[in-house]
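Chain by chain, the residues:
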There are 2 protein chains.
Amino acid sequence: MRDAYHEELDSISEGLVEMARLVGSAIGRATTAILDADLKLAENVIAADEKVDDLHRDLEARAIALLARQQPVATDLRIVVTSLRMSADLERSGDLAQHVAKLARLRFPERAVPRDLHATILEMGQLAQRLMAKAGEVIITKDVDLALQLEQDDDAMDLLHRTLFQHLMDDRWKHGIETAVDVTLLGRYYERFADHAVSVAKRVVYLVTGEHADEITSPTAVEGA
Amino acid sequence: MRDAYHEELDSISEGLVEMARLVGSAIGRATTAILDADLKLAENVIAADEKVDDLHRDLEARAIALLARQQPVATDLRIVVTSLRMSADLERSGDLAQHVAKLARLRFPERAVPRDLHATILEMGQLAQRLMAKAGEVIITKDVDLALQLEQDDDAMDLLHRTLFQHLMDDRWKHGIETAVDVTLLGRYYERFADHAVSVAKRVVYLVTGEHADEITSPTAVEGA
């Protein structure tokens, strides 16, 4: 029975990796959609989130079934409970990628992001995608050093977020209120996406080292501004 | 042992109710702090979130200990797993109340919210507080009808959010970009707070009826605009 148990645990872990892959791809494509005002791509990202939600539900059901059937204790119990949390993080990340795509769709055929902010948003999108790729790798490898790297990447995200706010608060801002609102929300979506990727990595660190990573408290956009 | 088990389950439930009470109070006080530019109150709300985080950690530890010790199955197992999720919702709600308070602190001695938006923000704050009070009551009473009411309240929150956006997008907006950014984030904080309250209530409905409430997908601010 122990073997069947660990097989099922591995399969849950594979599900998490697949979720990370899907939402990483989603944030990349959503970023392209919003920068290029690509409606088709935006629709595609919006529709694809269903797959992530399905995986999330499936994973939850399997984790609970595993708890009921195998009644794990100690580390094994923590692994299953942590998987549930990681799945929730990843599901929420998918929602955030979808929010970016929905903003692209809402503004189509206009572009939501003005030209002088393209580079910053592109960087935020790419960084978000890299963070999630690393989170997926951390799930597979349980590499604590790699997991700790994510916190540094998250600092880079905060810096980009601050850059975005400096643009917004600059007296020379000439893009009007609607764009300011859009950019504010976009910044928040990328920042929260990154928080969830970091959270996934921290949960792995906890499983491996037994040391509790601090609760992820998102430095609010406003604080950074 | 069954009695000790149900006592512990009750105590976890009481912990959740206490968390709901604390974060409901926090969002109410944070709203006062931001509308009155009350620095002391804002600091108070910011500091008080630690209590919520402590309760969350304590509750998680106890839920996991309960799983390990009692190895519940079926409904009992679902109750414990659902408690973990509700605790996460409530912890996050506390963060959002704290974000509102931090914005009040950041802008002090200025007021973050212009006079003509006071009524709307006040209403959002009060509605958020009521939603959380109801969520707490739903945890205690397991009253499905009351739980379903929360979704209607959440519709009211969406409406308020839309009102906020209409103000922002109005050509006569005269409060500048910084305030637009602040108001955008505030709107998002209240909306997400409400989502978490609804989520708590839906999780109770699921436990009682066995019917899966739809995954809470937050109607993004932008979509509502």
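Residues numbered from 1 in each chain as written. Chains lettered and ligands numbered in written order. Predicted model: local features only at pLDDT ≥ 70, side-chain atom pairs only at ≥ 80, totals over all residues. Heavy atoms only, no water.

Going by what an unreviewed UniProt entry lists, chain A is known as Phosphate-specific transport system accessory protein PhoU and is assigned to Streptomyces noursei. The annotation that UniProt attaches to chain A under Sequence similarities (unreviewed entry) is "Belongs to the PhoU family." UniProt annotates chain A under Subunit (unreviewed entry) with the comment "Homodimer." (UniProt positions renumbered as here; feature names shortened; annotations may be inferred.)

Colleague: Can you walk me through the side chain of Asp153 of chain B in this structure?
Modeller: Among the secondary structure elements, Asp153 of chain B is positioned in helix α5 (residues 144-169). Dropping the residues within four chain positions of it, Asp153 of chain B is found in contact with Leu127, Leu131 and Lys134 of chain B. (Helix = DSSP H or I, 4+ residues; strand = E, 2+ residues; numbered from the N terminus. Contact = heavy atoms within 4.5 Å.)

Colleague: Would you take a moment to explain the relation of the copies chain B and chain A for this structure?
Modeller: Mapping between the two chain copies consists of a rotation about an axis together with a translation along that axis. Superposing chain B onto chain A requires a rotation of 180° together with a translation of 0.0 Å along the rotation axis, leaving an RMSD of 0.0 Å. The transformation just described matches what one would write down for a two-fold rotation axis. The overlap is high: 98% of the interface residues of chain B also sit at the interface in chain A, so the same surface is used on both sides. (Least-squares fit on C-alpha atoms with pLDDT ≥ 70 in both.)

Colleague: Explain the packing of helix α3 (residues 74-107) of chain B against helix α6 (residues 176-209) of chain B here, please?
Modeller: Two quantities define a packed helix pair, namely the angle between the helix axes and the distance between the axes. Residues and elements named next belong to chain B. The N-to-C vectors of α3 and α6 enclose an angle of 165°; their axes lie 9 Å apart at closest approach. The angle between α3 and α6 places the two elements in the roughly antiparallel class. The two elements α3 and α6 meet at a crossing, and its hand is left-handed. A class-by-class count of the residues in the contact of α3 with α6 yields 15 nonpolar, five polar and nine charged. (Axes fitted to C-alpha atoms, helices over the stretch in contact; angles between N-to-C directions. Parallel < 35°, antiparallel > 145°, perpendicular 65-115°, else oblique. Left-handed = near helix turned anticlockwise from the far one by under 90°. Nonpolar A, V, L, I, M, F, W, Y, C, P; charged D, E, K, R; others polar.)

Colleague: What exactly am I supposed to notice about empty space enclosed by the protein here?
Modeller: One way to see where empty space is left: roll a probe the size of a water molecule over the atoms. Applying the stated criterion across every chain, the model contains one cavity of 30 Å³ or more. Estimates place the volume of the largest cavity at around 50 Å³. Lining the largest cavity, in full, are Leu67, Gln71, Pro72 and Leu77 of chain A together with Leu67, Gln71, Pro72 and Leu77 of chain B. Taken together, the residues of the lining of the largest cavity break down into six nonpolar, two polar and no charged. (1 Å grid on protein atoms, 1.4 Å probe; cavity = no way out; pocket = protein on both sides within 12 Å on 5 of 7 lines; lining within 4 Å. Points joined across faces, edges and corners; volume = space filled by probe spheres on them.)

Colleague: Just checking my understanding: could you explain the interface of chain B and chain A for this structure?
Modeller: Many descriptions give the size of an interface as the accessible area lost when the pieces come together. Tallying the contact residues gives 45 residues for chain B and 44 residues for chain A. Overall, the association of chain B and chain A removes approximately 4000 Å² of surface from exposure, summing both partners, and the carbon and sulfur fraction of that is 64%. If you look at where chain B meets chain A, you find two salt bridges. Among the ionic pairs, Glu60 of chain A bridges to Arg85 of chain B, the shortest N-O distance being 2.9 Å. The tally of links between chain B and chain A comes to three residue pairs in polar contact (both at pLDDT 80 or more). When contributions to the side of chain B that touches chain A are tallied by element, the ones reaching two or more residues are α2 (39-70), α3, α5, α6 and α7 (221-224) of chain B. Take the side of chain B that touches chain A: its biggest share by element is 14 residues, from α3 of chain B. The residue inventory of the side of chain B that touches chain A, partitioned by class, reads 23 nonpolar, seven polar and 15 charged. (Buried area = accessible area lost by both parts, 1.4 Å probe. Salt bridge = Lys/Arg side-chain N within 4 Å of Asp/Glu carboxyl O. Polar contact = N/O pair within 3.5 Å; in protein donor to acceptor, adjacent residues only side chain to side chain.)

Colleague: Looking at this structure, I do not really get the UniProt feature "domain: PhoU" (unreviewed entry) in chain A. What am I missing?
Modeller: Residues and elements named next belong to chain A. Under the present numbering, the feature "domain: PhoU" (unreviewed entry) in UniProt falls on residues 16-103 and 121-204. Helix makes up 94% of residues 16-103 and strand makes up 0%, while its end C-alpha atoms are separated by 27 Å. In residues 121-204, the share of helix is 90% and the share of strand is 0%. The end C-alpha atoms are 29 Å apart.

Colleague: Before we go on, may I ask you to explain α5 of chain B in this structure?
Modeller: Along an α-helix, residues three or four apart share an orientation, since each turn contains 3.6 residues. Between its first and last C-alpha, α5 of chain B extends 38 Å over 26 residues, near the 38 Å set by a 1.5 Å rise per residue. Within α5 of chain B, burial applies to Leu146, Ala147, Leu150, Asp153, Asp154, Met157, Asp158, Leu160, His161, Leu164, Phe165 and Leu168 of chain B. (Expected span 1.5 Å × (residues − 1). Buried < 20%, exposed > 50% of the residue type's maximum accessible area, 1.4 Å probe, protein only.)

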